[in-house]
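Coordinate inspection notes
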Amino acid sequence: MGKIAFMFPGQGAQYVGMGQDFCHNNEKCREIYKKASDAVGLDMEALCFEENTDINITEFTQIAMLTTEVAMLQAVLDLGIKPDMTGGLSLGEYSALVASGVMDFEECAKVVRKRGIYMQDEVPAGQGGMAAVIALDAEKIAQVCEKTDGIVGIANYNCPGQIAISGEKEAVEKACEALKEAGAKRCIPLNVSGPFHSPMLAGAGTKLAKELEQVAIHDIEIPYVTNVTGDFVSDKNDVKELLAAQVSSSVKWIQCVEAMLRDGADTFIEIGPGKTLSSFVKKINKEVTIVNVDKYEDLDKVKDALGL
C-alpha cells in the first residue's frame, strides 16, 4: 500500500453546525472546542453550532475552521490512523501543522485568531476582490493579469481548469473581461471580504510575522507541504517565514498535491467541512483513493477505504 495524506480545507467551506456531531460522539473532540475557547476567549461551540452570521466573517471564520478541523482530526487519529504527510489550503495549512506536530493546537489557535483579524482589517471593504477563472491555462491567466492596470494576480492554483485571481476590485473586473476574451469559459466573482493571497495583504503578513515570534515551532514529525512553494518543508526554521508570506502569496495547491503524489501518496483523506479539496484532487489525479470526513459517520468511509 502507498502513503496516506491528510489534507485540510480553507476558508469558504464553513457552515453552521460543522463538527457538532463529533462533539456529541467523542469527548476528545469536545475537548478541542474547549481548548480553543480558552485560548482565544470565544465560545467556540456557540460560534460553530448555533445559528449566527459571525461564522462567515473572516476574523471568526478562520478560528472556527481550525477548531473544527482539529476536532475532526482527533476523531480520525482515534481510529489508529497516522498520516505519512499533510497539507492544507490557505488556512488549512495551520491544521496541517498541528497534524504534523509542528505547532501546539492552543498556540496555533491564538495565531489563527490574529491572522483572521489582520487579514480582515488590512484592506477596507469594497477595495479588493477575487474571482474564479474557469477553463483557461494558468500561464495565460498570469499573462493577462500582468497586462492589466492595477494590482491583480493569481491567488489560488486550485486544480486544472480552476484558478482564482485576486487584487484591486476594478483591476479584477478588468482582468475578468480580458480573460473571457482570451478564452476563459467563465469568470465568477467570489463572495469574499478581501483580496486574499495578493500583495495587498502584505501588511497583514508583516503583523502576523510579529505574532509568530512568540510561537514555539517543533521538529517536523510528519512531512507537510506549504502553499508558498508547493513543496515539502525540510527545515523547521523556515516555517514562520513561510506562514507570514503565505497571506500575500499565491496558494499553489495543485503543486502541493503533485508533491504529495511524487512522494507516494495514493490515499487522500480530506478532514474538515465540505469536500472542496476532494474534488480538486480528483481533477489532478483520478487514480488515487479520496475520502472526505465532514460528518461523524464519514469515519466509516475512512475505515472502509483503509480496510480497517
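Conventions we followed
- Residues numbered from 1 in each chain as written.
- Predicted model: local features only at pLDDT ≥ 70, side-chain atom pairs only at ≥ 80, totals over all residues.
- Heavy atoms only, no water.
- Helix = DSSP H or I, 4+ residues; strand = E, 2+ residues; numbered from the N terminus.
- Rg over C-alpha atoms; globule rule 2.2 N^0.38 Å.
- Buried < 20%, exposed > 50% of the residue type's maximum accessible area, 1.4 Å probe, protein only.
- Contact = heavy atoms within 4.5 Å.
- Areas by Shrake-Rupley, 256 points an atom, 1.4 Å probe, with all protein chains shown as cover.
- Lys, Arg positive; Asp, Glu negative; His and termini not counted.
- Charge placed at Lys NZ, Arg CZ, Asp CG, Glu CD.
- Pairing = 2+ DSSP bridges.
- Axes fitted to C-alpha atoms, helices over the stretch in contact; angles between N-to-C directions.
- Salt bridge = Lys/Arg side-chain N within 4 Å of Asp/Glu carboxyl O.

1. Regarding the overall build of the protein chain
A tally of helices and strands in the protein chain yields 13 helices and ten strands. For the protein chain, whose C-alpha radius of gyration is 18 Å, the value lies close to the compact-globule estimate of 19 Å for 308 residues. Along the longest, intermediate and shortest principal axes, the C-alpha atoms of the protein chain span 55 × 45 × 40 Å. The 308 residues of the protein chain split such that 54% are buried. By sequence separation, contacts in the protein chain at least 24 residues apart represent 73% of the contacts at least 6 residues apart. Accessible surface for the protein chain amounts to roughly 12,900 Å². Of this, 46% is attributable to carbon and sulfur atoms. Positive and negative side-chain charges of the protein chain, numbering 30 and 46 respectively, have mean locations separated by a distance of 3 Å.

2. Considering the side chain of Glu59
Here Glu59 shows up in helix H4 (residues 58–77). The contacts of Glu59, once residues within four sequence positions are left out, are Arg113, Gly116, Ile117 and Gln120.

3. Points about the sheet that holds strand S10 (residues 289–293)
As summarised here, the arrangement of the four strands in space is S2-S1-S9-S10, forming an open sheet in which the pairing is parallel. Every other strand in the sheet has two partners, leaving strand S2 (85–88) and S10 as the edge strands with one partner each. Adjacent strand axes in the sheet meet at a mean angle of 20 degrees, parallel and antiparallel pairs treated alike. Sheet analysis places strand S9 (residues 265–271) next to S10, joined by five bridges and oriented parallel. Within the sheet, the bridge partner assigned to Ile269 lies in S10 and is Val291. Running over the sheet, H4 touches strand S1 (3–8), S9 and S10 and is turned about 155 degrees from S1. Each of S1, S9 and S10 is contacted by helix H13 (residues 299–306), which is oriented at about 160 degrees to S10, the strand it contacts most.

4. A short note on helix H5 (residues 92–99)
With respect to burial, H5 is a largely interior element, eight of its eight residues being buried. Buried within H5 we find Gly92, Glu93, Tyr94, Ser95, Ala96, Leu97, Val98 and Ala99. Positive phi shows up at Gly101, right after H5, with a value of about 80 degrees.

5. Overview of the pattern of salt bridges
Considering all chains together, one arrives at twelve salt bridges under this definition. Residue Arg30 is joined to Glu27 by a salt bridge in which the shortest nitrogen-to-oxygen separation is 2.4 Å. Placement of the pair is Arg30 and Glu27 together in helix H2 (residues 27–40), with a separation of three residues, close to one helical turn. We classify Arg30 as partly exposed; its relative accessible area is 23%. Lys28 is the partner of Asp78 in a salt bridge, and the nearest nitrogen-oxygen pair spans 3.3 Å.

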